[in-house]
Amino acid sequence: MIVAEQKSLEEIKTLVGEAEKVLVVGCGTCVTVCFAGGAREAAITATSLRMTSKLNGNEKSVTDVTVQRQCEWEYLDQIDEQVKDADIVLSLGCGIGVQAIAEHFPDAWVVPGLNTSFLGLPTEQGVWAERCAACGDCILGLTGGICPIARCSKSLLNGPCGGSEAGHCEIDPDIDCAWQLIYDRLSSKDKLHVLLDLQPPKNWRNSRDGGPRKIVREDLRLAAEDSE
Ligand code: SF4
Ligand code: SF4
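Secondary structure assignment for the protein chain yields 9 helices and 7 strands. Computed over C-alpha atoms, the radius of gyration of the protein chain comes to 22 Å, more than 25% over the 17 Å expected from 2.2 N^0.38 for 228 residues, which places it beyond the range of a compact globule. The contacts in the protein chain between residues at least 6 apart in sequence include a share of 55% that link residues at least 24 apart.

This paragraph deals with the domain arrangement of the protein chain. Domain boundaries assigned for the protein chain yield domain 1 (2-118) and domain 2 (136-210). Using only C-alpha atoms to locate each centre, domain 1 and domain 2 end up separated by 37 Å.

Here the focus is the nonpolar core. Grouped together as the largest cluster of nonpolar side chains are 35 residues, with contacts concentrated most on Val 22, Val 24, Val 25, Val 31 and Leu 90. Among residues more than four places away in sequence, those in contact with Val 31 are Ala 4, Ala 36, Gly 37, Gly 38, Leu 92, Gly 93, Cys 94 and Leu 114. If you look at the next biggest cluster of nonpolar residues, it comprises 10 residues, including Cys 177, Ala 178, Ile 182 and Tyr 183.

For helix H6 (residues 95-104), every residue scored as buried is listed here: Gly 97, Val 98, Ala 100 and Ile 101. Relative to the axis of H6, the buried residues are bounded by an arc of 165° and lie together on one face.

Here we take up the site of ligand 2. In the region of ligand 2, 15 residues are neighbours, and Cys 152, Cys 161, Ser 164, Cys 169 and Cys 177 sit closest. Of the residues in the shell around ligand 2, the class split is 9 nonpolar, 4 polar and 2 charged.

Our focus in this paragraph is the sheet that holds strand E7 (residues 127-132). Reading across the sheet, the 3 strands line up as E1-E6-E7 and stay open at both edges, with antiparallel pairing between neighbours. Both edges of this open sheet fall to strand E1 (2-6) and E7, since each of them pairs with a single strand only. If you compare each strand with its neighbour and ignore which way they point, the axes differ by 70° on average. Pairing of strand E6 (residues 114-124) with E7, which is carried by 5 bridges, proceeds in the antiparallel orientation. Among the inter-strand pairings, Gly 120 is bridged to a residue of E7, identified as Glu 130.

Quick notes on the rules
Residues numbered from 1 in each chain as written. Chains lettered and ligands numbered in written order. Predicted model: local features only at pLDDT ≥ 70, side-chain atom pairs only at ≥ 80, totals over all residues. Helix = DSSP H or I, 4+ residues; strand = E, 2+ residues; numbered from the N terminus. Rg over C-alpha atoms; globule rule 2.2 N^0.38 Å. Contact = placed C-beta atoms within 7 Å. Domains from an automatic or database assignment. Core = buried A, V, L, I, M, F, W, Y, C linked by C-beta atoms within 7 Å. Buried ≥ 20, exposed ≤ 12 C-beta atoms within 10 Å, placed from the backbone. Arc of directions from axis to C-beta. Near = placed C-beta within 6 Å. Nonpolar A, V, L, I, M, F, W, Y, C, P; charged D, E, K, R; others polar. Pairing = 2+ DSSP bridges. Axes fitted to C-alpha atoms, helices over the stretch in contact; angles between N-to-C directions.

Have a look at this one:
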């Protein structure tokens, strides 16, 4: 899932500025699960903005709505009227949701209420950890299902770096050394020989280094055309 954190109320207030009619838009998917931007957080943020603006003597009209997913047009269509009626939209979606609203409603002014952080999973109550950097060429099949790109601080392909101590990373002793985890996993599966195959430098063109990425599935596009 996409993991995000809410911006401080001070920053949100600055982003909203002098706008009088504010629409706070929550998202019902990833950011709901990580308690950053779901219906509950949208309602709390709207209430906070309403109260602080009233205390400051410039009371704003702040409403909130939450859509199932901000990253799909069909859900954004459901809030068409509310967006058009607002001076500013505060999106509590991830960075994709913010951009989807801006793209779908060109006349709207949209600002982010969250800091989108990483692709990860909840490892325990209240803790989320990064697991994937969306590198575009997954090598988990070589590393026992543990990602050295996202989980090794140096993104080493032929680790470890030699700095790990007692299984912890030298960059941050609070995290496990990814290569220790990989070694342990491969060892437990009797597959340590996999590590003897040196991995060549990674082709980062499949990652962000090749510019913005796009996936085009012609079969799906043709199927959509056929059904029209
Ligand atoms: S190898 Fe790439 S795609 Fe696979 S989990 Fe790691 S960052 Fe994600
Ligand atoms: S200690 Fe382990 S996780 Fe940290 S940088 Fe070195 S190999 Fe990567």
